[in-house]
Amino acid sequence: MVTLAEVAQHAGVSASTVSYVLSGKRSISAATRQRVERSIRELGYHPNAGARALASSKSNIIALMVPLRTDMYVPVMMEIAIAVATTARTHGYDVLLLTGEEGPDAVRRVTASGLADAMILMDVELDDERLPLLRDAGGPTGAKPGVGEDRPSVLIGLPASTSGLTCVDLDFGAAGALCVEHLAMLGHRDIAVIGEAPAVYERHTGFAERTLDGLRSRARDLGLRALHRPCEGGYDAMAVTLARILDERPGTTGFVVQNESAVEPLLALLRQQGRAVPEDVSVIAVCPDQVATQASVRLTSVAIPAQEMGRRAVELVVAKLDGRGTDEVVLIPPELTVRGSTGPVPSAS
């Protein structure tokens, strides 16, 4: 393994000069810097990450906090995480994945230990307990954090108040409204919303609450009746939920689904009851394209732009680390793709 001393000898400089080039702590002439960097490349030198962190007060690591809960659709979370990791690498950062449900303790641990230079947080709740710590830990934009110092952060998701925070997310409120508009255009007047598991709403998770708010508001504007029922997902839970919906609103002709694990059970149950999709009932989903296109009936859907969300989160946090970023909210406009699961309301309705 090539050592720093060998790089110094190869470049014809002192070991301390090589160290200064790596850490950026002192001004080095362009010619000397280029000579050292050429020696590093030619010798294949890789500085020890721990030593480099100590020398520069930087770890070149971004902490990604993504609690893996049983009531969340993990493939979407992992798609976002992969996008974060691959984008971070193009900017010279590695990613530390924190999957526990530690809440504020995880933020304190990263801030106090110097494990990472910045943080990206997912699974954001409207009144997330982590937010006060993030506002305190933000520090001056562009500061180079050391152990116990400030850490810039970005949320993938929107809390109730975004003051002093940087956030990126799909505009879930607009996504909910878009689903209602599409069904209303087809003549549907009674619609049911099959939502995430009850625990997701009990936590006041941002994306679920915002979708529901946007949907209900647009339904009121357009004169549609909307009934919301959470669902654990799976066949048995979906059977109970569908029975409740049809008992309360037997004239329901449109379904909006925001629960990937409920999609296929719903389609199967509608078939068993002799309700053809889209001839008798229409189904629209807020879900990844892969779920929509691989369902037994290709679903009209609003896609979850997981890769774009992950990529933009990294770009925002890197801009903060470089002193170019400001607190802002980036909402990605929803896009609805019409497929084979929505059609005009049956004439009898």
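Structural notes, computed from the coordinates. What you see is a predicted model, and the numbers here were worked out from it, not measured in a lab.

Another point: the pattern of salt bridges. The full count for this structure, using the stated rule, is 16 salt bridges. For Glu-308, the salt bridge identified is with Arg-312, shortest N-O distance 2.9 Å. Remark: Arg-312 and Glu-308 occur in helix H14 (residues 306–321); sequence separation between them is four residues, near one turn of the helix. Close ionic contact of Lys-320 with Asp-327 constitutes a salt bridge, the shortest N to O distance being 3.0 Å. What makes Lys-320 buried here is its relative accessible area of 9%. Relative accessible area serves as the criterion here: at 44%, Asp-327 is assigned to the partly exposed category. The network of salt bridges with shared partners includes Arg-69, Asp-71, Asp-123, Glu-125 and Arg-203.

Mapped onto the secondary structure, Arg-339 falls in the segment after strand E12 (336–337). At a separation of 3.4 Å, a polar atom in the side chain of Arg-339 contacts the side chain of Asp-289. Aside from chain neighbours lying at most four places away, what touches Arg-339 is Asp-289, Ala-292, Thr-293, Arg-298, Leu-299, Thr-300 and Ser-301.

Here we come to the sheet that holds strand E7 (residues 225–230). Taken together, six strands build an open sheet; the order of strands is E7-E6-E8-E9-E10-E12 and the sheet is mixed. The open sheet has two edge strands with one neighbour each: E7 and E12. Examined bridge by bridge, strand E9 (residues 282–286) and strand E10 (residues 300–302) share three bridges and lie parallel to one another. Across the sheet, residue Val-286 finds its bridge partner in E10, namely Val-302. Its contacts with the sheet place helix H8 (residues 172–185) against strand E6 (190–195), strand E8 (254–257), E9, E10 and E12, and it is angled at close to 165 degrees to E9. Packing of helix H11 (residues 235–248) onto the sheet brings it into contact with E6, E7 and E8, and relative to E7 it is tilted by some 155 degrees.

With that settled, consider the packing of aromatic side chains. Any two aromatic rings considered together are summarised by their centre-to-centre distance and by the angle between their planes. This model, assessed by the stated rule, comprises one aromatic pair. Summarising the aromatic geometry, the rings of Phe-172 and Phe-207 are spaced 5.6 Å apart at their centres and angled 55 degrees between planes, so their arrangement reads as tilted. Of the two residues, Phe-172 is situated in helix H8 and Phe-207 in helix H10 (residues 206–222); the sequence distance between them amounts to 35 residues. Comparing Phe-172 with Phe-207 shows no difference in burial state: the two are buried.

Next up on the list: the side chain of Glu-196. Topologically, Glu-196 is positioned in the loop between E6 and helix H9 (198–202). Put simply, Glu-196 is tucked away with no salt bridge, and the nearest opposite charge, on Arg-203, sits 8.1 Å away. Apart from residues lying up to four places away in sequence, Glu-196 is in contact with Asp-71, Tyr-201, Phe-207, Ala-208, Pro-230, Cys-231, Gln-258, Asn-259 and Glu-260.

Attention now moves to the sheet that holds strand E5 (residues 167–170). Whether parallel or antiparallel, the strands of a sheet pair through hydrogen bonds between backbone atoms. The six strands lie next to each other as E2-E1-E3-E4-E5-E11, forming an open sheet whose pairing is parallel. Bordering the open sheet on either side are strand E2 (94–98) and strand E11 (329–332), each of which pairs with just one other strand. For this sheet, the mean inter-axis angle between neighbouring strands, taken without regard to orientation, is 20 degrees. Packed onto the sheet, H14 meets strand E1 (61–65), strand E3 (118–121), strand E4 (153–156), E5 and E11 and runs at close to 165 degrees relative to E4.

The buried count for E9 comes to five of five residues, which makes it a mostly enclosed element. Burial along E9 is two-sided: the residues Ser-282, Ile-284 and Val-286 and Val-283 and Ala-285 are all buried. Bridging between E8 and E9 involves four bridges; their strand directions are parallel. In the strand pairing of E9, Phe-255 is matched with Val-283. With helix H12 (residues 260–272) bridging E8 and its parallel neighbour E9, the resulting β-α-β unit is right-handed. Crossover connection from E9 via helix H13 (residues 289–294) to parallel E10: handedness right-handed.

Once that is clear, we can look at unusual backbone geometry. Residue Pro-278 is bonded to the preceding Val-277 through a cis peptide linkage, with omega at 10 degrees. Tracing the chain through its elements places Pro-278 in the loop between H12 and E9. Residues other than glycine seldom take positive phi values, yet Asn-60 does so here, at roughly 55 degrees. Overall, the relative accessible area of 22% leaves Asn-60 in the partly exposed class. Of note, the phi angle at His-204 is positive, near 55 degrees, even though the residue is not glycine. Turning to its location among the elements, His-204 is positioned in the loop between H9 and H10.

With the rule as written, the count across this model stands at zero disulfides. With no disulfide of its own, Cys-231 lies closest to Cys-287 among cysteine sulfurs, the gap being 15 Å. Cysteine Cys-287 is unpaired, with the sulfur of Cys-179 as its nearest cysteine sulfur at 9.5 Å.

Residues Ile-80, Ile-120, Ile-156 and Val-168 are the most contacted members of the largest nonpolar core, which totals 50 residues. No other element matches H14, which puts eight residues into this core. Setting aside chain neighbours within four positions, we find Ile-156 in contact with Ile-80, Val-84, Ile-120, Leu-121, Met-122, Asp-123, Val-124, Val-168, Met-309, Gly-310 and Ala-313. Leu-227, Ile-245, Leu-270 and Val-283 belong to the second-largest nonpolar core, a separate cluster that totals 26 residues.

Quick notes on the rules
Residues numbered from 1 in each chain as written. Predicted model: local features only at pLDDT ≥ 70, side-chain atom pairs only at ≥ 80, totals over all residues. Heavy atoms only, no water. Salt bridge = Lys/Arg side-chain N within 4 Å of Asp/Glu carboxyl O. Helix = DSSP H or I, 4+ residues; strand = E, 2+ residues; numbered from the N terminus. Buried < 20%, exposed > 50% of the residue type's maximum accessible area, 1.4 Å probe, protein only. Polar contact = N/O pair within 3.5 Å; in protein donor to acceptor, adjacent residues only side chain to side chain. Contact = heavy atoms within 4.5 Å. Pairing = 2+ DSSP bridges. Axes fitted to C-alpha atoms, helices over the stretch in contact; angles between N-to-C directions. Phe/Tyr/Trp six-rings, centres within 6.5 Å; stacked < 30°, edge-to-face > 60°. Lys, Arg positive; Asp, Glu negative; His and termini not counted. Right-handed = clockwise from strand over helix to strand, strands pointing away. Disulfide = S-S within 2.5 Å. Core = buried A, V, L, I, M, F, W, Y, C linked by side-chain atoms within 4.5 Å.

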